[in-house]
Amino acid sequence: MAQKGVQLDQEAFSCPICLDLLKDPVTTTCGHSYCMKCIKSHWDGEDEKRIHSCPQCRQTFTPRPVLKKNTMLAALVEELKKTGLQAAPADHCYAGPEDVACDVCTGRKLKALKSCLVCLVSYCEKHLQPHHDVAPLKKHKLVEPSKKLQENICSRHDEVMKIFCRTDQQCICYLCSVDEHKGHDTVPAAAERTERQRELEVSRLNIQQRIQDREKDVKELQQEVEAINGSADKAVEDSEKIFTELIRLMEKRRSDVKQQVRSQQETEVSRVKDLQEKLEQEITELKRKDAELEQLSHTEDHNQFLHNYPSLSPLSQSTDSSSIKIRPLRDFEDVTAAVSELRDKLQDVLRDQRTNISLTDTEVHVSLSGPEPEPKTRAEFLKYSRELTLDPNTAHTHLLLSEGNRKVTRMKQPQFYSSHPDRFTNWAQVLTTESLTGRCYWEVEWRGGGVHVAVAYKNISRAGDSHECLFGFNDKSWRFDCFPNSYFFYYNSVRTRVSGPRSYKFGVYLDHSAGILSFYSVSETMTLLHRVQTTFTQPLYAGLQIYYRETSAELCKVK
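This write-up is about the structure you can find in this document. No experiment lies behind these values; they were computed from the predicted model shown. (Residues numbered from 1 in each chain as written. Predicted model: local features only at pLDDT ≥ 70, side-chain atom pairs only at ≥ 80, totals over all residues. Heavy atoms only, no water.)

## Remarks on the pattern of salt bridges
Overall, the coordinates contain 26 salt bridges when judged by the stated rule. Arg166 is the salt-bridge partner of Glu192, the closest N and O atoms lying 2.6 Å from each other. One end of the pair, Glu192, is in helix H7 (residues 189-297); the other, Arg166, is in the loop between strand S8 (163-165) and strand S9 (170-172), with 26 residues separating them in the sequence. Close ionic contact of Asp511 with Arg439 constitutes a salt bridge, the shortest N to O distance being 3.6 Å. With Asp511 in strand S19 (residues 505-511) and Arg439 in strand S14 (residues 439-447), this residue pair connects regions lying 72 residues apart in the sequence. The network of salt bridges with shared partners includes Arg166, Glu192, Glu195 and Arg196. (Salt bridge = Lys/Arg side-chain N within 4 Å of Asp/Glu carboxyl O. Helix = DSSP H or I, 4+ residues; strand = E, 2+ residues; numbered from the N terminus.)

This is the structure we're talking about:
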């Protein structure tokens, strides 16, 4: 509460003009006090009117009052100074370099609280008060402090610009409307603002709807990511189990084959060794018998030879040669062949497209529903450039094609063209030979009164003067009008006024699948003039319409 009292004291001893502590205070007959210097300067400015007034209550004085120092008030101010208090506003209330200053304050200026679009003056809180108290001033339009108030003044006539010229797309004053803008389409700036505000609100609604759609898309994509990750994790887990089972089965089959081979090996080796043992015994017996026979053969006594010969033991039965026949190792070779055949069959199964383990057929395609970002620089646009030529079979008879059918000029005399069902019979229009799909970019340079740059479906009507044949006046074509001082866009007979820098070269960008058609002013930078977001159901053809005679347009060879 004490602080509040100090603040009131400070305000009570401040000069209403300079807002600082009173210096040599004087009091007028109406009871208001000012610095001697401040009120004298104020009245000096009113000397020519010969009527002097109080800056606060506006009471007038005739003649000019003689001012005398208010000694009591001066003593109080000096006492206030001794307390160390300052009546001037805190530093943060003064206008800095980045602030809007009060236009009324003298000396060090305070920050402006509001700017008046009628007075074209910015006011601090104190000097704004009349706009709250005086009835006529209450009707003034107050806005947030602005440094650009002078931009509302016509530089030519020094008048407030309250009119908008739709023809030239600029604000003008009432003198401009009867001078260089005479005959133009003009409306009050407030009315144009109201219309643009409605367009702005529609744009905002569209943007907000797109934001909601994109947020929904993002949520769906996040769910898709989670589903993909879950499905992939499960596929990996299941495939690991299956492959582990396959490996276990292969290991078991390998073990079985090995066991069978070793068992067969043991059986065959045992059989062969038994035969081998019998043969070795037979060999031993035969050698012994051979030795006896050899000894007997060397006996010289004939009687002894004949006596001993019958006593020799007979030979045992010889082993059947069929039982010791060497068998080929076909059994083991058959095992190898069987395993090789199993390997080949398994490889064939793995190679077979019907059983090939691949993500080709189940590839996850994730794409946003919105279009791909448009190029920004001319170099980026030129990546999609198309070399286009005009189709003579579509050209109106008053259109002359030249420069390899890239340039068209409106002529006074008809040109000789053979009859063709694709020709425009009434409107001075021509289409390109090449159709346009995907992402395309081309440039048009023109000279003369004006040119209409268009795209159209091939099935647009050609014969007659109905709107079904005219670019931009049906649902089969889109048209951008280029004039020296204005631009317009047409679709289905609806005209849209377009603002932008003057230019004689335009770039057209088409993203057919995304439904985007954009028109750019081409200079050192690319300036977007108008963009269309729609759905194209057929291939498009670039088109040109030449309305004025001796006007030409050329499809540029872009580099």
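## A closer look at a nonpolar patch on the surface
On the surface, Ile242, Phe243, Leu246, Ile247 and Leu249 cluster together into a nonpolar patch covering about 480 Å² of accessible area. With respect to the element layout, Leu246 can be found in helix H7. (Patch = residues over 30% accessible without salt bridge, like charges linked within 9 Å, V, L, I, M, F, W, Y side chains within 5 Å. Areas by Shrake-Rupley, 256 points an atom, 1.4 Å probe, with all protein chains shown as cover.)

## Observations concerning the environment of His398
Examined against the element boundaries, His398 turns out to sit in the loop between helix H10 (378-382) and strand S11 (399-402). With 11 residues separating them in the primary sequence, His398 and Thr409 have C-alpha atoms 8.3 Å apart. When near neighbours in sequence (up to four residues on either side) are disregarded, His398 contacts Thr409, Arg410, Met411, Lys412, Gln413 and Pro414. In terms of polar contacts, His398 uses its side chain to reach the backbone carbonyl oxygen of Lys412, at 3.2 Å. (Contact = heavy atoms within 4.5 Å. Polar contact = N/O pair within 3.5 Å; in protein donor to acceptor, adjacent residues only side chain to side chain.)

## A closer look at the sheet that holds strand S7 (residues 142-143)
Read from one edge to the other, the open sheet built from three strands follows the order S6-S5-S7, with strand pairing classed as antiparallel. Every other strand in the sheet has two partners, leaving strand S6 (121-123) and S7 as the edge strands with one partner each. Relative to S7, strand S5 (residues 114-116) is paired through two bridges, and the arrangement is antiparallel. From the neighbouring strand, Ser115 faces S7, where its bridge partner is Val143. (Pairing = 2+ DSSP bridges.)

## Regarding the state of the cysteines
For the structure shown, the criterion picks out zero disulfides. Distance from the sulfur of Cys18, which forms no disulfide, to the nearest cysteine sulfur (Cys38) is 3.9 Å. (Disulfide = S-S within 2.5 Å.)

## Re the pairing of strand S22 (residues 540-546)
The buried fraction of S22 amounts to seven of the seven residues, a majority that puts the element mostly inside the structure. Across the two faces of S22 the burial is the same, with Leu540, Ala542, Leu544 and Ile546 and Tyr541, Gly543 and Gln545 all buried. Of the strand pairs in this sheet, strand S13 (residues 429-436) and S22 are connected by five bridges, and their pairing is antiparallel. By the bridge assignment for S22, Gln429 is matched with Gln545. Sheet topology note: the strand S15 (residues 451-457)/S22 ladder contains seven bridges and is antiparallel. Looking at the pairing, Val451 lines up with Ile546 of S22. (Buried < 20%, exposed > 50% of the residue type's maximum accessible area, 1.4 Å probe, protein only.)

## Brief notes about the sheet that holds strand S12 (residues 407-410)
The strands that make up a sheet pair up through hydrogen bonds in the backbone, lying either parallel or antiparallel. The seven strands lie next to each other as S11-S12-S23-S14-S19-S20-S21, forming an open sheet whose pairing is antiparallel. Sheet topology places S11 and strand S21 (526-533) at the edges, where each strand pairs with a single neighbour. When strand polarity is set aside, the average angle formed by the axes of neighbouring strands in this sheet is 20°. (Axes fitted to C-alpha atoms, helices over the stretch in contact; angles between N-to-C directions.)

## So, the nonpolar core
Formed by 37 residues in total, the largest nonpolar core has its most connected members in Val408, Trp442, Trp478, Phe480, Leu517 and Leu544. Setting aside chain neighbours within four positions, we find Trp442 in contact with Arg386, Leu388, Leu436, Val455, Phe506, Gly507, Val508, Leu510, Ala542 and Leu555. (Core = buried A, V, L, I, M, F, W, Y, C linked by side-chain atoms within 4.5 Å.)

## Side note on the packing of aromatic side chains
Enumeration according to the criterion identifies 18 aromatic pairs in this entry. A ring pair is formed by Phe381 and Tyr509, whose centres lie 5.6 Å apart and whose planes are at 80°; its orientation type is edge-to-face. With Phe381 in helix H10 and Tyr509 in strand S19, this pair connects stretches of sequence that are 128 residues apart. By the burial criterion, Phe381 is buried, and Tyr509 matches it. The structure contains a cluster of three or more aromatic residues connected by ring pairs, namely Phe381, Tyr384, Tyr441, Tyr509 and Tyr520. Here the guanidinium or amino end of Arg108 rests over the ring plane of Tyr94, the centre of that ring lying 3.8 Å away. (Phe/Tyr/Trp six-rings, centres within 6.5 Å; stacked < 30°, edge-to-face > 60°. Lys NZ or Arg CZ within 6 Å of the ring centre and 35° of its normal.)

## Remarks on helix H4 (residues 125-133)
All buried positions along H4 are accounted for by His127, Leu128 and His131. Buried residues along H4 cover an arc of 100° about the axis, so they all sit on one side. Along its buried surface, H4 packs onto S5, S6, helix H5 (135-138) and S7. (Arc of directions from axis to C-beta.)

## Let's talk about the side chain of Gln545
Here Gln545 shows up in strand S22. Note on Gln545: relative accessible area 4%, which makes it buried. Only 3.2 Å separates the side chain of Gln545 from the side chain of Arg479, close enough to count as a polar contact. Filtering out sequence-adjacent residues up to four positions away, Gln545 remains in contact with Trp427, Ala428, Gln429, Val451, His452, Leu470, Phe471 and Arg479.

## Quick word on the pairing of strand S17 (residues 487-491)
Where burial is concerned, most of S17 is hidden: four out of the five residues are buried. Here strand S16 (residues 477-482) pairs with S17 via five bridges, running antiparallel. Pairing of Trp478 across the sheet is with Tyr491, part of S17. Counted between consecutive antiparallel strands, the loop separating S16 from S17 contains four residues. In this sheet, strand S18 (residues 494-498) lies alongside S17 in antiparallel orientation, the contact comprising five bridges.

## Looking at unusual backbone geometry
If you check the backbone angles, Gln169 has positive phi at about 55° while not being a glycine. Non-glycine residue Ser493 carries a positive phi angle of around 75°. Here Ser493 lies in the loop between S17 and S18. Since its relative accessible area comes to 37%, Ser493 is described here as partly exposed.

Don't take any of this as a statement about function, it's just geometry.
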